[in-house]
Amino acid sequence: MNLTFRLRFYTHFGQSLFLTGPREFLGDGKIENAVPLHFLNHEFWEITVPIPENEIVRGRLTYNYILRNPDGSIVEDWPGGRAIDLAAFARFGVSEVLIVDSWNDMGNYENACFTEPFQNVLLKSNFTEIHAPAPAEPTHTFKVKAPLLKKNETLCIVGDAEALGFWSTAKPLLLNRVAGDDFLSAPVDLRNNFFPISYKYGVFDLEKKTFARYENGANRILDDHVAPHKHTIVQDGFAQLSAAPWRGAGVAIPVFSLRSETSFGAGDFSDLKRLADWASSVGLKLIQLLPINDTSATHSWKDSYPYAAISAFALHPIYLDLRRVATGKNKTLLKKLEPERQRLNALETVDYEAVMSAKLNFLKRIFASEKSKVFAGAEYQDFFSRNQDWLLPYAAFCYLRDQFGTANFDEWKNFRTFDPEKISEWLAENSSARDEISFHFFVQFHLHVQLKDATDYAHAKGIVIKGDIPIGVYRHGADAWRNPELFHMEMQAGAPPDPFSAKGQNWGFPTYNWPRMERDGFAWWKRRFEQMSRYFDAFRIDHILGFFRIWSIPADAVEGILGHFVPAIPVDITEFGNRGIPFDRERFTKPYVTNKVLGDLFGKNAEKIKRDFLVATHDETFSLKPEFATQRKIESHFSALEKSGSNAKIQEGLYDLVSNVILFEVENSGGRQFHFRLGMENTASFKNLPANTQSRLRDLYVDYFFRRQDQFWAGEAMRKLPAFKRATNMLVCGEDLGMVPDCVPGVMKQLVLLSLEVQRMPKNLGQEFSRPKDAPYLSVVTPSTHDMSTIRGWWEEDRNLVQKFFNQELGQMGEAPNNCEPWINKAVVAQHLASPAMWSIFQLQDLLGMDGEIRRADPAAERINVPAIPQYYWRYRMHLTLETLQQSARFNEELRNGIRESGR
C-alpha cells in the first residue's frame, strides 16, 4: 500500500515541511528522523510513503506535520485527530491512499475545544451522534472539525457533484459524527464526476430537519481523479462557522480552605462535592485548586506550604475524609474524635499540626483492622499496579523520614542513596518495617479513591476541575532522593524581584537538570502530567516561565536577589572593552563597601559593623570577613543569637552588603564570562561609578536582559513544552507573571497554553492596570490570585493607586471610598465576566465580597499567602460553611444572573 500525504501550506523561502508519527517509516515520532515532504506547487507539499505489510496489519496510524524555519526552529501542527485505519483500507482492496490535508495551526483557539474539559464535560451535552448512510464503494471521504456545534446540530456537505446534491440544500449529505473522533466525516462516491469539484460545508438542524446556514468563506475546491483501488481522504481542518468562542467562569480556592459542617478542621476531598453543588447552581463551570501533593517534610506547620511537595505524585493525607475510611467498629472509634473535630472545625483558620495529628493518629489506629480487606480488593491491586513506580519510593521515603526524624536524606547514614532492593527486603513477610511502609500505600489508595470520586461527581454536575502543578519539588523529598541526577542540588530555584517581592523569592527547590531529563524524553515530567490527568481536566503550570529559564540562586545565598537566569547567554569579557567600559573584576563582582555605604545602611551602628564583620582593604573600602562572606554564613551566625529587632536589622543590612554587586562571574569560565545582577542600577556599587561608565554598563545590561536572550529562551521552551503537552490532553494554563520575556506570548499561543491576566499585574510597560476587556481569548482573567490580597484587601493597601483605579478603570468621579464597598467589588467582577477571555476565574473571597451581608468582616483575614514572607503559614479558611453558602439565596441569584448575562 502507498500513502500519499499532500499538505496544503503556503511556505516562504527557506521553510521546509516534514511528516512524523510513532511508526518506524515515519521516524518513530522523533523530530530528527521525520520524513521530508517535497514542494509540489505554490499550494501543496507532498510525499508518497510505501507501507510494509507488517505495518498495515497494525491498523490505526497517527501522524502530524512539522515546519522547519530557515533559522532551524521547529513548529509542529496540532498533534491530535489525524489517524488512518490502514487495515480497514486493506480489507477493501485499497492499495493507494491520497490524504489531502490542511495544516492545523497549534494556535487555533478551536483546538482547545478538543481538550478533556470540553470533550468530557463542557461540550458533552451538545454532542449528537450521527450515522449517515454510506455508498457501497466510496472513492472519497471528506473530513472536517466543528467543535462548537450546538445541541441538535450537525454538518452537511453540498457541491457541484451528483453525490453532493448539485448544491441543493433540500436534502444535503449529512456528515457522520462518532464519539471519540475529532472529525465529522462523509464517505462519497465521486465516480463519473468531473474535477475540480467545488463544495462547501453547512449546518443542518436535526430538530427541524432543515438546512440552517453555509459556512463562511469561499467555496472549497478539490482537484483529484478517481482510479481503481484508490481512495482519497480530504481533511479540511475546521468548518468556517461564525460560532462565538466558548467562555466560562470558575472559582478558585485551596482544598484546605473549604469549610463544611462535617469537615475536620480543614477542607477534604469530600467537601469538593459540596463546592461542586454550589458552583453548578450559580452557573460556574470550573473549580481551580492549589497543589494537593503531600508536603509532610517536618511534621510542623511549615508543611502547610502547598508548593513544597515531598512527592510530585503522592496526595496529601490532610485531605482524607476519615468517615469514608473507617468501617465496622472503627466507625465507633471515629465518634470518640467528634469533640476534637468540632473544636478544630470551629476555628477561624486551619490548625495544620492539630488536624494532621488527629487524622494520622486515627488512621494508624485503624490500619491493622482495615488493611487486609483493602489490600485484597481488586481496586487497590489495580491502583498499586499502576502507581508502584512512585508509590514504593514515596512510602520508603516516609518510613525513613520518620525513622531518622528528618526528611534530609543526607542524614540517613546508609540509606542516603535510594536502593530498590532494600525496599523489597522491608516489604518481606517477616520484616518489621512492612506495616510502617504499607500504611502509606493504604492512605494513598484512599486519597486516590476519594479524589476520583469527587472529580467524577463534579463532572456529573457539569463542572471541570483544574489542578496546579508546582514548578519545583522539595529539596528533601522522594523525587530528589530517588532521582538526584534529574536535579541540580547545589542550586536553588526562585523568582526575580517584582513589585510584590523587592528582593526576589528563594523557594529553596533544586533546579532541574534539563539536559539529563531530555535524554529519556522528559519521562519524569510526562509521568507527572499523566498522573494529573487521572483526576483533573485542566491544570495550571506554576511559574511557566521556568520552562524558558529559571531564576537560579547559589546555595550560599538566602535572598532571591543573588540569582540569575539559567540558561542564559552570558556577557563575554571582550564586550566591556568593545563598549569602552573599563573592566575591573574586583570592583564589579565583589561587594562594594565604603564608609558612606555603611552609614546609609547602618547609621550609628556603622562602626560596630566595621569592627565585628569587616576588614579594611584599600582606598577606604572594606570587605566582609571570610566567616561572614555569604548570606548563608550570616544567617547561621544570627540564628545562634537572641532574636531582636536590632539583630534582624543588622542581619538584613549585611545581606544587602553581600548583594551590593554588579556582576556574577560564570563558574569555570576562567574569569571571562559574567551575568548581570538584576536591579543593578539600584545598587550603591553602580551609583558610585562614573557617569559615562554607568551609561555604557546600562546599555550592556539592557542588551543582556532584553535582547540577546529572547530567541534562545524560546528555543529552550520549545524543547520541553511540546513534549509535555503531547503527554496529556488536558487544557493547560500557564502562570506567566513576573519578568516576562517577549517570546513567551508567542510560544504559549502556538501551543494553545492559556495565559494568566491579572488586573493588578499588567504585562505592558507603562500600564498600571491590565484591562480584562483587552485580554486575549486564550487566557484566564482574574482580579487576584492566592499570592495577592483580595480586591477588598488591596483597596486598603495603596491609597494613591486605588484612587487611580477608581477614576480610570471604574470611570468614577471624585474621591474613592476608604473601603471596598460591595458595589465596587461587584463592578470589578463584572469587568472580568465581560472579558473576551476563555475563562474568568475568581477567588471565592472576591465573589463573596460582592455581598455586604455574607462577606467577611476583616478583608485582611481573606489573604491566603504573602510571598514576601519566606515561611508563611498557609491556613486561610472560608468564614462560612458550604451549606450556608448554598442557602444564601439572594447572593446566589445575583451571581447566577451576572454569569448568565455575561454569556459565560
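About the criteria used
Residues numbered from 1 in each chain as written. Predicted model: local features only at pLDDT ≥ 70, side-chain atom pairs only at ≥ 80, totals over all residues. Heavy atoms only, no water. Pairing = 2+ DSSP bridges. Helix = DSSP H or I, 4+ residues; strand = E, 2+ residues; numbered from the N terminus. Phe/Tyr/Trp six-rings, centres within 6.5 Å; stacked < 30°, edge-to-face > 60°. Core = buried A, V, L, I, M, F, W, Y, C linked by side-chain atoms within 4.5 Å. Buried < 20%, exposed > 50% of the residue type's maximum accessible area, 1.4 Å probe, protein only. 1 Å grid on protein atoms, 1.4 Å probe; cavity = no way out; pocket = protein on both sides within 12 Å on 5 of 7 lines; lining within 4 Å. Points joined across faces, edges and corners; volume = space filled by probe spheres on them. Nonpolar A, V, L, I, M, F, W, Y, C, P; charged D, E, K, R; others polar. Salt bridge = Lys/Arg side-chain N within 4 Å of Asp/Glu carboxyl O.

Draft legend 1. Just the sheet that holds strand S14 (residues 184-188), in detail. Strand order in the open sheet formed by 7 strands is S4-S5-S1-S10-S18-S11-S14, and the pairing between neighbours is mixed. Each end of this open sheet is capped by a strand with a single partner; those strands are strand S4 (38-39) and S14. Pairing geometry for strand S1 (residues 2-8) and strand S5 (residues 44-50), over 7 bridges, is antiparallel. Pairing of phenylalanine 5 across the sheet is with isoleucine 47, part of S5.

Draft legend 2. How the structure looks around the packing of aromatic side chains. Under the counting rule described, the total for this entry stands at 78 aromatic pairs. Measuring from ring centre to ring centre gives 5.1 Å for phenylalanine 118 and tryptophan 246, while their planes differ by 90°; the resulting arrangement is edge-to-face. You can see phenylalanine 118 sitting in helix H3 (residues 116-122) and its partner tryptophan 246 sitting in the loop between strand S18 (230-238) and strand S19 (248-252), a full 128 residues away along the chain. Ring centres 6.2 Å apart and planes at 65° place the aromatic pair phenylalanine 367 and phenylalanine 375 in the edge-to-face group.

Draft legend 3. Inspection of the nonpolar core at higher detail. Grouped together as the largest cluster of nonpolar side chains are 219 residues, with contacts concentrated most on Trp278, Trp525, Phe676 and Trp839. Take this core: its biggest share by element is 13 residues, from helix H8 (residues 378-404). Counting residues in each nonpolar core, the second largest holds 29 residues, with Met1, Leu67, Phe89 and Ile99 among its members.

Draft legend 4. Examining empty space enclosed by the protein more closely. Scanning all chains against the criterion turns up 8 cavities of 30 Å³ or more. Residue lining of the largest cavity: 22 residues in total, with Ala252, Gln288, Arg540, Thr785 and His786 positioned closest to the centre. Contributing elements (two or more residues each) for the lining of the largest cavity: strand S33 (731-734), strand S34 (755-758), strand S35 (779-782) and strand S36 (839-843). Top element by residues in the lining of the largest cavity is S36. It accounts for 3 residues. Split by residue class, the lining of the largest cavity holds 12 nonpolar, 8 polar and 2 charged.

Draft legend 5. Expanded view of the pattern of salt bridges. Counted according to the given criterion, the structure contains 64 salt bridges. Close ionic contact of aspartate 736 with lysine 763 constitutes a salt bridge, the shortest N to O distance being 2.7 Å. Residue aspartate 736 is found in the loop between S33 and helix H23 (744-750), and its partner lysine 763 is found in the loop between S34 and S35; the two are separated by 27 residues along the sequence. Note on aspartate 736: relative accessible area 3%, which makes it buried. The residue glutamate 894 makes a salt bridge to lysine 826 at a minimum N-O spacing of 2.6 Å. Remark: lysine 826 occurs in helix H26 (residues 822-833) and glutamate 894 occurs in helix H29 (residues 889-901); sequence separation between them is 68 residues. Accessibility expressed as a relative area gives 31% for lysine 826, which makes it partly exposed. Three or more residues joined by partner-sharing salt bridges are found here, namely Asp468, Arg540, Asp542 and Glu735.

Draft legend 6. Summary view of the sheet that holds strand S29 (residues 614-616). The antiparallel open sheet is built from 3 strands, whose spatial order is S28-S30-S29. Each edge of the open sheet is held by one strand with a lone partner, namely strand S28 (593-594) and S29. Relative to strand S30 (residues 621-624), S28 runs antiparallel, the two being bridged by 2 bridges. Within S30, the residue paired with threonine 594 across the bridge is threonine 621.

Draft legend 7. Here's a closer look at the pairing of strand S24 (residues 538-541). Both faces of S24 are covered, namely the face carrying Ala538 and Arg540 and the face carrying Phe539 and Ile541. Pairing analysis gives 4 bridges linking strand S21 (residues 464-469) to S24, with the strands arranged parallel. Each residue of the ladder has a partner; that of glycine 467, found in S24, is phenylalanine 539. Two strands pair when backbone bridges link them, and S24 and S33 are joined in this way by 4 bridges, in the parallel orientation. Looking at the pairing, arginine 540 lines up with cysteine 733 of S33.

Draft legend 8. Main features of the pairing of S1. Most of S1 sits out of view: 5 of its 7 residues are buried. Both S1 and strand S10 (residues 96-102) contribute to a ladder of 7 bridges, which runs parallel. Counted as the bridge partner of arginine 6 is valine 100 from S10.

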